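# Remarks on the overall topology
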Amino acid sequence: MKIAMIGTGYVGLVSGVCFAEFGFQVTCVDKNPAIIERLQAGEVTIFEPGLDDLLDRNAKDGRLVFTTDLATTVADADVIFIAVGTPSRRGDGEADLQYIHAAADEIAAAMKPDAVIVIKSTVVVGTNADVRARIAKARPGVAFSMVSNPEFLREGSAVEDFLRPDRVVVGVHDEAGAIAMRRVYRPLYLRETPMIVTTLENAEIIKYAANAFLAMKVTFINEVADLCEKAGGNVQDVARAIGMDNRIGSKFLHAGPGFGGSCFPKDTRAYAATGRKLDAPQTLIEQVVSINEQRKRSMAERVIEAAQKHGVKSVAVLGIAFKPNTDDIRESPALDIIPLLQKAGLTVRAHDPEARTAAEQVLSGVNWCKSAYEAVEGAGITLLLTEWNVYRALDLKRVASLMDGNILFDLRNVYSGQDLDGTGLEYHSVGRPLIGRPS
Ligand code: UDX
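This one's a predicted model, so the numbers in the text were calculated from it and none came from an experiment.

### Observations regarding the sheet that holds strand E11 (residues 366-368)
- The parallel open sheet is built from six strands, whose spatial order is E11-E10-E9-E12-E13-E14. Lying at the two open borders of the sheet, with one neighbouring strand each, are E11 and strand E14 (426-428). Going from strand to strand, the sheet's axes swing by 20 degrees on average, the running direction of each strand aside.
- Alignment of strand E9 (residues 314-318) against strand E12 (residues 381-384), held across four bridges, turns out to be parallel.

Right, here's the structure in full:
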């Protein structure tokens, strides 16, 4: 079985490497020659724990190759995965399908009969059926199967998620598609991973509904955190207790500065846009989108207010990536918060273990530092935005002694009472009582 993976972005690269790890012959295709050259040289183009070893091993064993030549690859492939981007379209928030359509047209021109074409990219409901019709029109009389196979990979643990998923979702149009998917995922069901075989439309909706629900869960606990702050509660205690109810579940109940990343913001917008388009308003998710936008701004306002009150001029930001273990900064709260701090006249010193290069492209006027300790030097306020492990074990006495002021905003609730003892820091977190303000 030969697999073609079109698109070597996040989803395509992780999936391609992992299918090679399953033992298949995989060719990953990308239009960008610079990316392909780096991959051919064995260089991993994204930061993802565990991916480099797998890429190295499978490339050396000859099961994994990289090319810009889509037509030749597709002409020889049994299963063709489309894993190109579906960014938010400016203005209406709908998913932009131009890259999917372009890939489908090229595949249609080159595929061999009975090929199985699988869309892995997140696409709005109806897209698989449309793409199927588009390909059928371009190659009349040539049999092929259309499959929707959404991914549920989390950045930072994508390899693990691919190799050990909770479930595999497969939307099919015919039995041949289902048979091919059972073959490519066979190593997983030896581990008894459930495979949901359903319609193309259901698979598309499952992906969006799953992400929308998780984004809603985060937004919900963020609002509970606001209530806890006003009422003198502690959101971590509340989350722990409600999460013990199996119907609620303990995951995704960490309050923070608002969700970011390449999926939740884009997918909630697209899901809401689909609801509007189909006259099935997704009012809850519409609210989630706007509450989350507002939340990032209100986090900046908290810091600005404290800065004005204490005459602070400089803020040290720890963490730019939207979450730990990734260099991805897409829609990270830091990208909204930092410009607002600067606009309020504050200077920003910042550190991130992996995301600095990406951040330098989009943030201006930031003083980049080599370590958390260097960043906090002379700062009046330290603002912890991403819960990287290195920020979980800071020597807070040292932090306090290096700072010019004494305010720590920990928007990921990394620290707690005893950690602050003897530091002299005024500690603000999310949905928990303030610690250390002189009475
Ligand atoms: C998500 C989905 O989890 C994954 O299934 C899907 O395929 C892609 O989108 P990812 O974007 O990698 O994955 O990150 P995730 O770990 O889900 O976190 C998303 C955002 O929510 C981050 O900004 C994170 O900080 C935030 N979050 C998550 C919280 O604020 N609190 C939580 O309890 C969980």
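### A short note on the nonpolar core
- Membership of the largest hydrophobic core comes to 80 residues, with the highest contact counts inside it found for Ile6 and Ile80.
- Sort the elements by how many residues they give to this core and helix H1 (residues 10-21) lands first, with eight residues.
- Per-domain counts for this core show at least three residues from each of domain 1 (2-193) and domain 2 (200-439).
- Among all residues touching Ile6, those that are not within four sequence positions of it are Gly12, Val29, Leu70, Ile80, Phe81, Ile82, Ala83, Val84 and Ala103.
- Ranked by size, the runner-up nonpolar core spans 52 residues in total, among them Leu253, Phe322, Leu341 and Ala379.

### Some remarks on the packing of helix H12 (residues 264-277) against helix H13 (residues 283-310)
- Their axes nearest at 9 Å, the elements H12 and H13 cross at an angle of 140 degrees. Regarding H12 and H13, the two cross each other, and that crossing is left-handed. Contacts from Thr268, Arg269, Tyr271 and Ala272 in H12 reach Ile285, Glu286, Val288 and Val289 in H13.
- Per-class residue counts for the contact of H12 with H13 are five nonpolar, one polar and two charged.

### What about the site of the ligand?
- What surrounds the ligand is a group of 19 residues, the closest being Glu155, His254, Phe259, Gly261 and Cys263.
- Residue contributions to the shell around the ligand peak at three residues, all from helix H10 (residues 200-231).
- Looking at the shell around the ligand, its residues break down into 10 nonpolar, five polar and four charged.

### Quick look at the domain arrangement of the protein chain
- Assigned domains of the protein chain: these are domain 1 (2-193) and domain 2 (200-439).
- The distance between the C-alpha centroids of domain 1 and domain 2 comes to 32 Å.
- Between domain 1 and domain 2, the residue contacts involve 26 residues of the former and 25 residues of the latter.
- Listing elements by their share of the side of domain 1 that touches domain 2, those giving two or more residues are helix H6 (127-138), strand E6 (144-148) and strand E7 (168-172).
- Of the residues assigned to the side of domain 1 that touches domain 2, the class counts are 14 nonpolar, nine polar and three charged.

### Concerning helix H14 (residues 333-343)
- Along H14, the residues classified as buried are Pro333, Ala334, Ile337, Ile338 and Leu341. Mapping the buried residues of H14 onto a view down its axis gives an arc of 110 degrees, with all of them on the same face.
- Once H14 ends, the next one or two residues include Gly345, with phi positive near 90 degrees.

### Side note on the environment of Ala83
- Counting through the fold element by element, Ala83 comes out in the loop between strand E4 (79-82) and helix H5 (98-110).
- Sequence separation of Ala83 and Arg240 is 157 residues, and the distance between their C-alpha atoms is 37 Å.
- If we ignore the near neighbours within four places in the chain, the residues touching Ala83 are Met5, Ile6, Gly7, Gly9, Val11, Gly12, Ser15, Lys120 and Ser121.

### Here's the deal with H13
- Along its 28 residues, H13 runs 41 Å from first to last C-alpha, staying within 8% of the 40 Å computed at 1.5 Å per residue.
- Ile285, Val288, Val289, Asn292, Arg295, Lys296, Met299, Ala300, Val303, Ile304 and Ala307 are the residues of H13 that are buried.
- The positive-phi residue at the C-terminal boundary of H13 is Gly311, with phi of around 65 degrees.

### Digging into the packing of H13 against H14
- Relative orientation of the contacting elements H13 and H14 amounts to 40 degrees, with a least axis distance of 9 Å. When the axes of H13 and H14 are compared, the pair comes out oblique. The handedness of the crossing between H13 and H14 comes out as right-handed. Across the interface between the two elements, Lys296, Arg297, Met299, Ala300, Val303 and Ile304 of H13 pack against Pro333, Asp336, Ile337, Leu340 and Leu341 of H14.
- Considered class by class, the residues forming the contact of H13 with H14 number eight nonpolar, no polar and three charged.

### Concerning the environment of Arg330
- Along the chain, Arg330 turns up in the loop between E9 and H14.
- What makes Arg330 partly exposed here is the crowd of 19 C-beta atoms within 10 Å.
- Taking C-alpha positions, Arg330 is 10.0 Å from Lys266, a pair spaced 64 residues apart along the chain.
- Excluding anything up to four places from it in sequence, Arg330 contacts Gly261, Ser262 and Phe322.

### What about the UniProt feature "binding site: NAD(+)" (unreviewed entry) in the protein chain?
- UniProt marks Asp30, Thr86, Thr122, Glu155, Lys266 and Arg330 with the feature "binding site: NAD(+)" (unreviewed entry), using the numbering shown here. The annotated residues occupy 301 residues of the chain and do not converge on a single region, their most distant C-alpha atoms lying 22.5 Å apart.
- Along the chain, Glu155 falls in the loop between E6 and helix H7 (158-163).
- In this structure Glu155 comes out as buried when scored by C-beta crowding, with 24 C-beta atoms within 10 Å.
- Apart from residues no more than four positions distant in its own chain, Glu155 is found in contact with Tyr10, Gly261, Lys323, Thr326 and Asp328.

### Digging into unusual backbone geometry
- A positive phi angle is found at Phe252, which is not glycine, with a value near 60 degrees.
- If you trace the backbone, Phe252 turns up in the loop between helix H11 (235-243) and H12.
- The backbone phi angle of Asn325 is positive, close to 65 degrees, even though this residue is not glycine.
- Its place among the elements puts Asn325 in the loop between E9 and H14.
- Given 20 C-beta atoms within a 10 Å radius, Asn325 is considered buried.

Calculation criteria
- Residues numbered from 1 in each chain as written.
- Predicted model: local features only at pLDDT ≥ 70, side-chain atom pairs only at ≥ 80, totals over all residues.
- Pairing = 2+ DSSP bridges.
- Helix = DSSP H or I, 4+ residues; strand = E, 2+ residues; numbered from the N terminus.
- Axes fitted to C-alpha atoms, helices over the stretch in contact; angles between N-to-C directions.
- Core = buried A, V, L, I, M, F, W, Y, C linked by C-beta atoms within 7 Å.
- Buried ≥ 20, exposed ≤ 12 C-beta atoms within 10 Å, placed from the backbone.
- Domains from an automatic or database assignment.
- Contact = placed C-beta atoms within 7 Å.
- Left-handed = near helix turned anticlockwise from the far one by under 90°.
- Nonpolar A, V, L, I, M, F, W, Y, C, P; charged D, E, K, R; others polar.
- Near = placed C-beta within 6 Å.
- Arc of directions from axis to C-beta.
- Expected span 1.5 Å × (residues − 1).
- Parallel < 35°, antiparallel > 145°, perpendicular 65-115°, else oblique.
- UniProt positions renumbered as here; feature names shortened; annotations may be inferred.

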